[in-house]
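What follows is the residue order along each chain.
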Amino acid sequence: MDRIQAKKRIAVLSDEIRLHNHRYYVLSAPIVSDFEFDMLLEELIRLEKAFPELAEPDSPTQQVGGGITKEFRQVQHKYPMLSLGNTYSEEDIRDFEERIHKLIGDEVEYVCELKFDGVAIGLTYRHGRLMQAVTRGDGVSGDDVTTNVKTIRSIPLKLHGNGFPEEFEIRGELILPHSSFKRMNEQRLADGEEPFANPRNAASGSLKMQDSAEVSKRKLDGFFYYLPGNNLPFKTHYECLIAARSWGFKISDYMVRCKTREEIFDYLKTWDKARYELPFDIDGIVIKVNDLRQQEMLGYTAKSPRWAISYKFKAEQVTTKLLSIDFQVGRTGAITPVANLQPVQLAGTVVKRASLHNADIIQALDVRIGDLVYVEKGGEIIPKIIGVDLEKRMTDPLPIVFISDCPECGTPLNRSEGESAWYCPNEDGCPPQIKGKLEHFISRKAMNIDSLGEGKIEILYDNGLVHNCADLYDLTFDSLIGLEKTHEATEDKKEKKISFREKTVANILNGIESSKLVSFDRVLYALGIRFVGETVAKKLVSHFYSLEKLMQADLLELIEVEEIGEKIARSILSWFSSQKNIDILRRLRSKGIQLTMIEQDNTRLSDKLAGLTFVVSGVFENFSRDELKRTIEAHGGKNIGSISSKTSCLLAGDNMGPEKRRKAEKLNVPILSEIDFLKMLQE
Ligand code: IVH
């Protein structure tokens, strides 16, 4: 393809991808499959790689991320980013409305909107192109987070239609939907990191990441609700937002125009309940005067506009009885106190347990067993105990003493300066820590030994076969055959018996064998070094290439690596300073585990499968599953463990589970045989 053809094709592809992004992320009404979409995007990426000078700054490929921001530039807002007056009662709303009527008379129309609980953002567009995205900061100036914001799929980099001012700003809120928040916190917990307390903090943390490719994975979203300035060709706020919707912005479907106080109260009452059904957090509603001239007449106080007010919902609260406290030991040894409560209905779910976070919080609340406690579900998804009804405390139960010894192994706990959690230091002798580390080692994103999942690690541990990850590689057929265990029935699960018959053992040993092909970055992640999650492991490996180099690095060299701060660096140094860990690494090396990055180019045979993701399942005639997986990677494709709508193909061999096939059929994922696959490579 020559340059002129490429230019034309890039323009066509960009427009088409923009349209699909808008249909998918803004309108939730896609018209192509994910596979077709990925193919278009891949083609555009390839063309831009071949003709870099033709890549537009607002190309949809920007949304995949890749740009790094070491330090966010401070930018002054053209119009200060004010906040809104808060109210908490209907009385306050009545006062607001009366004030407005006094100032501008009877004919006032209002717009009621949801108050999104996220991070405020101001986007500047020039000639229909996104130029700058700035956080609120102190209201006068904020951080330039343009590179990161460009990765948010629902935000248009280039506007649709016409009729927008030559230059204008639009403000809104970046939010993290509950589903993405949940996924992200599960990952953080697995990485030994503190989970984010609520989606708002998670959104704000994500926005400040240095690597925009990482931001792109976080699945941020945004709603827009305000166009500041007075150069707008519209008479009302509502018209502004309807026009913005036609330019491609995500505008809430739930804004309504109201004339009377009763209508405002209706809106408020509806959302006070219905908010729990939304897939994201709101913390109140906002009421705005609709007419822009009237807004101008009302003007501003030093802090907020006089033409708008927010009503904040009260967090829903109930009281219930505190039955007992469990102290749980995690993989990292951190102790988490969890309150067992008399089950109670709260904000749409039955709550049985609540987090008590740490010893300081237990002490501050002075909570005791048998107390009636106030439980609240606010912005946070996990309910928390926020106080005690002291009047109802009948007898005088003893204060809860935070345990001083590990509930699992009896070792005295310790707490380091500046940390709120207590830890069991007995890393090598405390069962939940040992089992937790092994579970992490075999997990999908680590060594992916799924044949050892579902309680099998526990059986190996109980039989004294494994203590650390290196022991897995000493397992033999004879040591495994015949092992069994019956898991007792619990409230949530039925009784389950696991026994190691021939087939199970063969699967386990194959899984362990295949894990020797897992790349070094995933091995590093699998080791479970505190704060070394998937991303950090990747950054370390692409910087140091080999375990030797990484082990030789001192604090300063570690900190030089992108995304790595002192906390992570010290944790890495401390892990490598242990002789026991060095022994484990030595044993892993002797078993052939990858401890060096394999240069991609050595194994790259073609780009035929670039951009495609495969699930390989079943038994094949010409290839082993691992050979197939390696072949896929060598041709630029990716292997993933389970089928989703994003999977490009399911490579199906004999004996593949019917569930996988059903899922693929349901999601319209093409199913290929190994012959189809071979043909695909020959094309
Ligand atoms: S209007 C000048 N509308 O709430 C007024 N703000 O407490 C501009 N917020 O800083 C703001 N949802 O970050 C407006 N529908 C909505 C909102 C909203 C959330 C946030 C925004 C603002 C804060 C004020």
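Now for the pairing of strand E5 (residues 129-135). Of the strand pairs in this sheet, strand E4 (residues 119-126) and E5 are connected by six bridges, and their pairing is antiparallel. Each bridged residue has a counterpart across the sheet, and for Tyr125 the counterpart in E5 is Leu130.

This paragraph deals with the site of the ligand. Around the ligand, the structure places 14 residues, and the nearest of them are Glu113, Leu114, Glu173, Tyr225 and Lys288. Separating an oxygen atom of the ligand from a side-chain N or O atom of Tyr225 is a distance of 3.1 Å. Interatomic distance of 3.0 Å between a side-chain N/O atom of Lys288 and a nitrogen atom of the ligand. Burial of the ligand by the protein amounts to 91% of the accessible area it has alone, namely 520 Å². Those elements that provide at least two residues to the shell around the ligand are strand E3 (110-116), strand E8 (221-226) and strand E10 (282-289). For the shell around the ligand, the element with the highest residue contribution is E3, accounting for four residues.

One key point about sheets: their strands pair by backbone hydrogen bonds, in either a parallel or an antiparallel sense. Taken together, the four strands give an open sheet; going across it, the order is E20-E19-E21-E22, and neighbouring strands pair in parallel fashion. Of all the strands in the sheet, the pair left with one neighbour each is strand E20 (638-639) and strand E22 (671-672). In this sheet, strand E21 (residues 649-652) lies alongside strand E19 (residues 613-617) in parallel orientation, the contact comprising four bridges. Among the inter-strand pairings, Phe614 is bridged to a residue of E21, identified as Cys649. Together, E19, E20 and E21 form the strand contacts of helix H24 (residues 625-634), whose direction differs from that of E19 by roughly 170°. Relative to E21, helix H25 (residues 658-666) is tilted by about 150°, and along the sheet it contacts E19, E21 and E22.

All right, on to the state of the cysteines then. Throughout the structure, instances matching the rule amount to zero disulfides. No disulfide involves Cys409; its sulfur sits 3.7 Å from that of Cys424, the nearest cysteine. The partly exposed category is assigned to Cys409, whose relative accessible area is 26%. Here Cys424 falls in the buried class, since its relative accessible area comes to 2%.

It is worth spelling out the environment of His635 at this point. Mapped onto the elements of the fold, His635 is located in the loop between H24 and E20. Assessed through its relative accessible area of 11%, His635 is described here as buried. Taking the C-alpha atoms as reference points, His635 and Tyr311, separated by 324 residues in sequence, lie 56 Å from one another.

Further remarks concern the packing of aromatic side chains. The full count for this structure, using the stated rule, is 22 aromatic pairs. Their ring planes at 55° and their centres at 6.5 Å tell us that Tyr267 and Trp271 sit as a pair that is tilted. On the criterion of helical spacing, the pair formed by Tyr267 and Trp271 is a turn pair, its members being four residues apart in helix H9 (residues 261-274). You can call Tyr267 buried: its relative accessible area is 6%. Note that Arg257 overlies the ring of Tyr238, its terminal NZ or CZ placed 3.8 Å from the centroid. The ring of Phe531 carries the charged tip of Lys567 above its face, separated from the ring centre by 4.4 Å.

Moving on, we get to empty space enclosed by the protein. With the rule as written, the count across this model stands at two cavities of 30 Å³ or more. What the largest cavity holds in volume is close to 120 Å³. In this structure, the largest cavity is lined by 15 residues; those nearest its centre are Arg18, Asn21, Ile155, Pro156 and Leu157. Of the volumes computed, that of the second largest cavity is approximately 50 Å³. In this structure, the second largest cavity is lined by Glu113, Leu114, Phe116, Phe224, Tyr225, Leu241, Ile251, Ser252 and Met255. Listing elements by their share of the lining of the second largest cavity, those giving two or more residues are E3 and E8. Of the residues that constitute the lining of the second largest cavity, the class distribution is seven nonpolar, one polar and one charged.

Rules used in this analysis
Residues numbered from 1 in each chain as written. Predicted model: local features only at pLDDT ≥ 70, side-chain atom pairs only at ≥ 80, totals over all residues. Heavy atoms only, no water. Pairing = 2+ DSSP bridges. Helix = DSSP H or I, 4+ residues; strand = E, 2+ residues; numbered from the N terminus. Near = heavy atom within 4 Å. Polar contact = N/O pair within 3.5 Å; in protein donor to acceptor, adjacent residues only side chain to side chain. Areas by Shrake-Rupley, 256 points an atom, 1.4 Å probe, with all protein chains shown as cover. Contact = heavy atoms within 4.5 Å. Axes fitted to C-alpha atoms, helices over the stretch in contact; angles between N-to-C directions. Disulfide = S-S within 2.5 Å. Buried < 20%, exposed > 50% of the residue type's maximum accessible area, 1.4 Å probe, protein only. Phe/Tyr/Trp six-rings, centres within 6.5 Å; stacked < 30°, edge-to-face > 60°. Lys NZ or Arg CZ within 6 Å of the ring centre and 35° of its normal. 1 Å grid on protein atoms, 1.4 Å probe; cavity = no way out; pocket = protein on both sides within 12 Å on 5 of 7 lines; lining within 4 Å. Points joined across faces, edges and corners; volume = space filled by probe spheres on them. Nonpolar A, V, L, I, M, F, W, Y, C, P; charged D, E, K, R; others polar.

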